[in-house]
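One letter stands for each residue in the lines below.
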Amino acid sequence: MPHVIVLGGLFAGCHATKILRKEGVDVTLVLSLSHAYYNCAAPRLLVQPDLIDKTLFSLKEYADKHGAKFVQAAAVAARLDQNEVDVRGETEQTLSYDYLVVATGTRSGDLGFKVNGLAQEAVGAIREWSDKIKKAETVGILGAGPTGVECAGEIAHDLGKKVVLYSALAPLDRFNLPGAQAKLANLGVEVVQVRYERIVPGPGGSTVEFEDGLLRTFDVVLNTTHYTPSLEFLPDEVKDEKGFVVTDERLVVKGFENVLALGDIVAGAAQLVVDLKFGQLPVFAATAKSDIAGLATKSKAYAPVTSTILVPISRTGGEGRLFGWWVPNIVVRFLKSRDFMISQAPGDFT
């Protein structure tokens, strides 16, 4: 069997490793982290940080369980035309591969919502945010996508803080969920449709400057708008103008038949866990089975999944769609709002 290096060990990297090992493929999982972090639960952790330990999972144990080799190191340079990756951990080394899977994810503007460095740094940041928010009187949140809406709902419901949510678009507008604004209003969250220009930290909080010239100062400001792909080690020729990896419909990287990409880093991806699980992973499994394992199988084409999404707006429920159909509040509560699916997290990382 060929040797595959999987770069990245969070949702995408762990699932890729599991899929490849089921086909008997020799896999080396490479990541600078010692633990995976279930960052989807970050909004709930802000108000209930005692749950953090339930969102951390040993990557070495994961690799051992699935029969893969684990190298704790960061990719620093990939020579795709030579099938080599330079990595840096306790020492620097060059790893060779037959196939490469790039699943290194994205970084968030504010620590805690993604793993920008170490998982321990991310959860440490969540604890710091939680402490600051509990002491705050006013909280400003930038961005009304799923993360921003979830954070606003959690903080307003559980902590009773004055929350103002800013976005150029209406809450969850991208997913055609207009009911989000009313649910936020019922919790006392003020929604302002305006784009922010910059954030200026100060001794008494942070001041946000908006495109209309307005200045607002808050005790705490959370920025959920800024995510960048962790792909500095890849050559520019395989990236688009925003720095994401360009692939074909089978998730094969442009110009390199033995390189696959998976997760948020794929250009045009919906950047949702549901998109990874139901949009990308079936395609990746089919491509890996035919191209890497050499087994006969029908290929599949990737199309971003945006028709299924559940967005908690506090513990009482939220807004969502399943396969394009709007679902009532009670369904969102039952499927996700109760515990942000923390109880199901081991299924992704063990």
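Residues numbered from 1 in each chain as written. Predicted model: local features only at pLDDT ≥ 70, side-chain atom pairs only at ≥ 80, totals over all residues. Heavy atoms only, no water.

### Some thoughts on the domain arrangement of the protein chain
Partitioning the protein chain into structural domains gives domain 1 (3–109 + 227–292) and domain 2 (119–226 + 307–348). The gap between the C-alpha centroids of domain 1 and domain 2 is 27 Å. Where domain 1 abuts domain 2, roughly 2,900 Å² becomes buried across the two surfaces, and 64% of that area is made up of carbon and sulfur atoms. Three residues stand out in domain 1 for area buried against domain 2, namely Arg44, Leu46 and Val47, and they jointly supply 26% of the buried area on that side. The partner of Glu154 in a salt bridge is Arg44, and the shortest N-O contact between them spans 2.6 Å. Mapped by element, the contributors of at least two residues to the side of domain 1 that touches domain 2 are helix H1 (11–22), strand S3 (35–37), helix H2 (42–47), strand S4 (56–58), strand S10 (106–108), strand S18 (227–229) and helix H7 (273–292). (Domains from an automatic or database assignment. Buried area = accessible area lost by both parts, 1.4 Å probe. Salt bridge = Lys/Arg side-chain N within 4 Å of Asp/Glu carboxyl O. Helix = DSSP H or I, 4+ residues; strand = E, 2+ residues; numbered from the N terminus.)

### A word on the pattern of salt bridges
Inspection of the entire model under this criterion finds 17 salt bridges. In this structure, Arg127 and Asp53 form a salt bridge, with 3.8 Å as the shortest nitrogen-oxygen distance. Here Arg127 is found in helix H4 (residues 119–135), whereas its partner Asp53 is found in the loop between H2 and S4, with 74 residues between them in sequence. On the basis of relative accessibility, which here comes to 59%, the residue Asp53 falls in the exposed class. (Buried < 20%, exposed > 50% of the residue type's maximum accessible area, 1.4 Å probe, protein only.)

### A look at the state of the cysteines
Under the definition given, this model contains zero disulfides. Summary of cysteine pairing: Cys14 is not part of a disulfide, and the nearest cysteine sulfur, belonging to Cys40, is at 13 Å. Take Cys151: it sits in no disulfide, and the sulfur closest to it among the cysteines is that of Cys40, at 12 Å. (Disulfide = S-S within 2.5 Å.)

### Here's the deal with the sheet that holds strand S2 (residues 26–31)
Strand order in the open sheet made by the five strands is S5-S2-S1-S9-S19, with parallel pairing throughout. Strands with a single pairing partner mark the edges of an open sheet, and in this sheet they are strand S5 (69–72) and strand S19 (259–261). For this sheet the average axis-to-axis angle between neighbouring strands, irrespective of direction, equals 20°. Pairing geometry for strand S1 (residues 3–7) and strand S9 (residues 99–102), over four bridges, is parallel. Across the sheet, the residue bridging to Val4 is Tyr99, located in S9. Packing of H1 onto the sheet brings it into contact with S1, S2 and S9, and relative to S2 it is tilted by some 170°. Those strands touched by H7 are S1, S9 and S19, and its axis lies near 170° from that of S9. (Pairing = 2+ DSSP bridges. Axes fitted to C-alpha atoms, helices over the stretch in contact; angles between N-to-C directions. Contact = heavy atoms within 4.5 Å.)

### Points about the sheet that holds strand S16 (residues 215–218)
Within a sheet, each strand pairs with its neighbour through backbone hydrogen bonds, oriented either parallel or antiparallel. Ordered by their spatial adjacency, three strands build an open sheet running S14-S15-S16, and the pairing between neighbours is antiparallel. The sheet terminates laterally at strand S14 (196–202) and S16, the two strands that pair on one side only. Looking at each pair of strands side by side, their axes are set apart by 20° on average, direction ignored. In this structure, S14 lies alongside strand S15 (residues 205–210), joined through six bridges in antiparallel fashion.

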